[in-house]
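Read off the chains here:
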Number of protein chains: 2
Amino acid sequence: MRVCIVGFGLIGASLAWQLKAKGHVVVGVARRESTLEAAKSHKLIDESYLEICQLALSVDLVVIALPLELILPALVLVEKFLKGPTVVIDVGSVKSKIVEEAKALKLKKALFVGCHPMAGSDKSGIEHFQTGLFVGKPFLVCYPDLNVRVKTITQIQTFVKEIESRYIEISADEHDREVATISHLPYIVANALFGLYLKDKEKLKQIASTGFFDTTRVAHSDPMWGMMVSMMNDTALIDRIDEFIVALQALRCDILTNDPLALFERLNVDNVDQDPRKMQLVKKWVRDYHTKL
Amino acid sequence: MRVCIVGFGLIGASLAWQLKAKGHVVVGVARRESTLEAAKSHKLIDESYLEICQLALSVDLVVIALPLELILPALVLVEKFLKGPTVVIDVGSVKSKIVEEAKALKLKKALFVGCHPMAGSDKSGIEHFQTGLFVGKPFLVCYPDLNVRVKTITQIQTFVKEIESRYIEISADEHDREVATISHLPYIVANALFGLYLKDKEKLKQIASTGFFDTTRVAHSDPMWGMMVSMMNDTALIDRIDEFIVALQALRCDILTNDPLALFERLNVDNVDQDPRKMQLVKKWVRDYHTKL
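Residues numbered from 1 in each chain as written. Chains lettered and ligands numbered in written order. Predicted model: local features only at pLDDT ≥ 70, side-chain atom pairs only at ≥ 80, totals over all residues. Heavy atoms only, no water.

Draft legend 1. Molecular detail of helix α1 (residues 10-21) of chain A. Residue and element names in this part refer to chain A. With 12 residues, α1 extends 16 Å between its outermost C-alpha atoms, agreeing within 8% with the 16 Å of an ideal straight helix rising 1.5 Å per residue. Most of α1 sits inside the fold, with nine of its 12 residues counted as buried. Inspection of α1 places Leu-10, Ile-11, Gly-12, Ala-13, Ser-14, Leu-15, Ala-16, Gln-18 and Leu-19 among the buried residues, and these make up the whole buried set. Packed against the buried residues of α1 are β1 (2-6), β2 (25-29), β4 (61-64), β6 (110-117) and α5 (150-162). Taken from the residues just after α1, Gly-23 is the one with a positive phi, measuring 85 degrees. (Helix = DSSP H or I, 4+ residues; strand = E, 2+ residues; numbered from the N terminus. Expected span 1.5 Å × (residues − 1). Buried < 20%, exposed > 50% of the residue type's maximum accessible area, 1.4 Å probe, protein only. Contact = heavy atoms within 4.5 Å.)

Printed below as a string of structure tokens:
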């Protein structure tokens, strides 16, 4: 396979590594010479170009691995320089708006399919590229409509197999709702938590431990990424924030109304009530607690 | 040093390991024979007792490493069997109620000091004990009043030094407020997040990745622990939940009112606005975004 990767941040560079490891040819496009030099020194690319051009795009597949705001402008340039029909994918973490706007462009040569590898890091940039970043991870594929060619599907499936990810087809809307729950909402929540910590940092940094820093790790993702996904996935994200606040209020209410048993049941996400000894302990504690009140 | 540890869960057993590694004598008390057998097989104890008794308590320091609800009953038993004045500490993660109730007991021999090592795991039980669990971690110490004897302070400082933790004195009230922010609130938040995931688990488990599981790892702590700390640290925790919801609503409002620049500033917890190139990108995106609206 001959693959052109546009953009060599963490995702682009890690994809290149995986493809090179499988013996494929990687054509690299990046705006800065220093990025291409770094890619070459890590043996991530076979050919390099500073711009999207005809020469760079004589490939089997184009991967636009750019930040969200640059995907559509890059897609327009890709269309301009492609010789014939070629599958073009992106790796952005919002899909509805990207897929819809790409469709509205009515491209002739670029067969655009929205993609989203569920792998990453709070670090960004080529210097943080990881070997095996995509191994075993879900790779979500959002086709723009039902008229997608079998050849396009096969090509994407082959690509996903070569980077050793798990191929999952999903509609763009469903993608955005699900990713709001497992990625965008946790990011917003981690940020709000870390914000409380910052308000009292001088004291709290003395005592904060691994649990806190694990929970808030994603808060350190690039705030520009966070801003863009939040604005571009606004509907699903606001729905999820509201649903989350309702869940939090329910826990708060159990505490405020002195109902430890209800609280236990809500906190028991792993269903330890299968364990009768545990439940006896809980009930005894609750009995003693109410006696003390 | 000759130290009696009452309770051999994750914390008790990991403390025993650390003390033994430094050549101290550890006297172990646990309710179940199998626990003591496990402690012996891991070479965590020198002497073992199934009950708190006079023989077990002829030591320099007693550590009550039991779940929150068992600390005070154990303290009463310890007082009964102590020969003379001895420093007794606990390791529970709520301090005001424990320290107050211990004071109200007006003990003669047990010189009780509330303690809280900021180390742990979502796993519990002796089988999960960790070597070096406390190394470099904060060890919070809440003295019951200002009349504490110098000898007591020295003894606790020595103990903390031997387990290689960082000794930090703090008032019980302040402890509870700070721990609400960095431990109890993140736990409640992780639970609410994991609850949303569970509601749609069949779909979401296909795509959830490390970011999500890191953020929600603490949700898998023992729900009985979660119930007890929430009920015993209710005032500080409810305050923090309310403050957290306000922070979340502010982020939600930025998204709803289409204000990406305000959102960026709020998400920018690591102050990347020191970087002028980044801020240019952000402002350009915001301009383009508003043009598109």
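Draft legend 2. Looking closely at the relation of the copies chain B and chain A. With an RMSD of 0.0 Å, the operation that places chain B on chain A is a rotation of 180 degrees combined with a shift of 0.0 Å along the axis. On the angle and the small slide along the axis, the relation comes out as a two-fold axis. Relative to the rotation axis, the C-alpha of Thr-215 of chain B is the closest in chain B, positioned 2.0 Å from it. (Least-squares fit on C-alpha atoms with pLDDT ≥ 70 in both.)

Draft legend 3. Broad picture of the interface of chain B and chain A. The partner chain A presents 87 residues to the 87 residues of chain B that form the contact. Carbon and sulfur atoms supply 70% of the area buried between chain B and chain A, which totals about 7700 Å² over both sides. Residue Lys-203 of chain A is joined to Glu-174 of chain B by a salt bridge in which the shortest nitrogen-to-oxygen separation is 3.1 Å. Inspection of the region where chain B meets chain A yields 12 residue pairs in polar contact (both at pLDDT 80 or more). Considering every element that reaches the side of chain B that touches chain A, the biggest residue donor is helix α6 (residues 172-199) of chain B, with 18 residues. Of the residues belonging to the side of chain B that touches chain A, the class tally is 50 nonpolar, 13 polar and 24 charged. (Buried area = accessible area lost by both parts, 1.4 Å probe. Salt bridge = Lys/Arg side-chain N within 4 Å of Asp/Glu carboxyl O. Polar contact = N/O pair within 3.5 Å; in protein donor to acceptor, adjacent residues only side chain to side chain. Nonpolar A, V, L, I, M, F, W, Y, C, P; charged D, E, K, R; others polar.)

Draft legend 4. Local environment of the sheet that holds strand β8 (residues 166-169) of chain A. All names here are of chain A. With respect to topology, eight strands assemble into an open sheet ordered β3-β2-β1-β4-β5-β6-β7-β8, the strand pairing being mixed. Two strands close off the open sheet at either side, each with one partner strand: β3 (47-49) and β8. Neighbouring strand axes in the sheet, compared pairwise and without regard to direction, differ in orientation by 25 degrees on average. With four bridges connecting them, β4 and strand β5 (residues 86-90) associate as parallel partners. Note on β5: the bridge partner recorded for Val-62 is Val-88. Running at roughly 155 degrees to β4, helix α3 (residues 68-81) makes contact with β4, β5 and β6 of the sheet. Sitting on the sheet, helix α4 (residues 96-104) touches β5, β6 and β7 (138-142), and the angle it makes with β6 is about 175 degrees. (Pairing = 2+ DSSP bridges. Axes fitted to C-alpha atoms, helices over the stretch in contact; angles between N-to-C directions.)

Draft legend 5. Highlighting the environment of Val-59 of chain B. Residues and elements named next belong to chain B. Take Val-59: it is sitting in the loop between β3 (47-49) and β4 (61-64). The buried category is assigned to Val-59, whose relative accessible area is 11%. Spatially, the C-alpha atoms of Val-59 and Val-29 are 13 Å apart, while their sequence positions differ by 30 residues. Setting aside residues no more than four positions away along its own chain, Val-59 makes contact with Arg-2, Val-3, Cys-4, Val-27 and Thr-86.

Draft legend 6. View of the packing of helix α10 (residues 234-256) of chain A against helix α11 (residues 260-267) of chain A. Residues and elements named next belong to chain A. Across the interface, α10 lies against α11 with an axial gap of 8 Å and an inter-helix angle of 150 degrees. When the interaxial angle is binned, α10 and α11 end up roughly antiparallel. Judged by the sense of rotation from one axis to the other, the crossing of α10 with α11 is left-handed. Each of Ala-250, Leu-251, Asp-254 and Ile-255 in α10 lies in contact with α11, whose residues at this interface are Ala-262, Leu-263, Arg-266 and Leu-267. Its residues assigned to classes, the contact of α10 with α11 shows six nonpolar, no polar and two charged. (Parallel < 35°, antiparallel > 145°, perpendicular 65-115°, else oblique. Left-handed = near helix turned anticlockwise from the far one by under 90°.)

These figures come from the coordinates and say nothing about function on their own.
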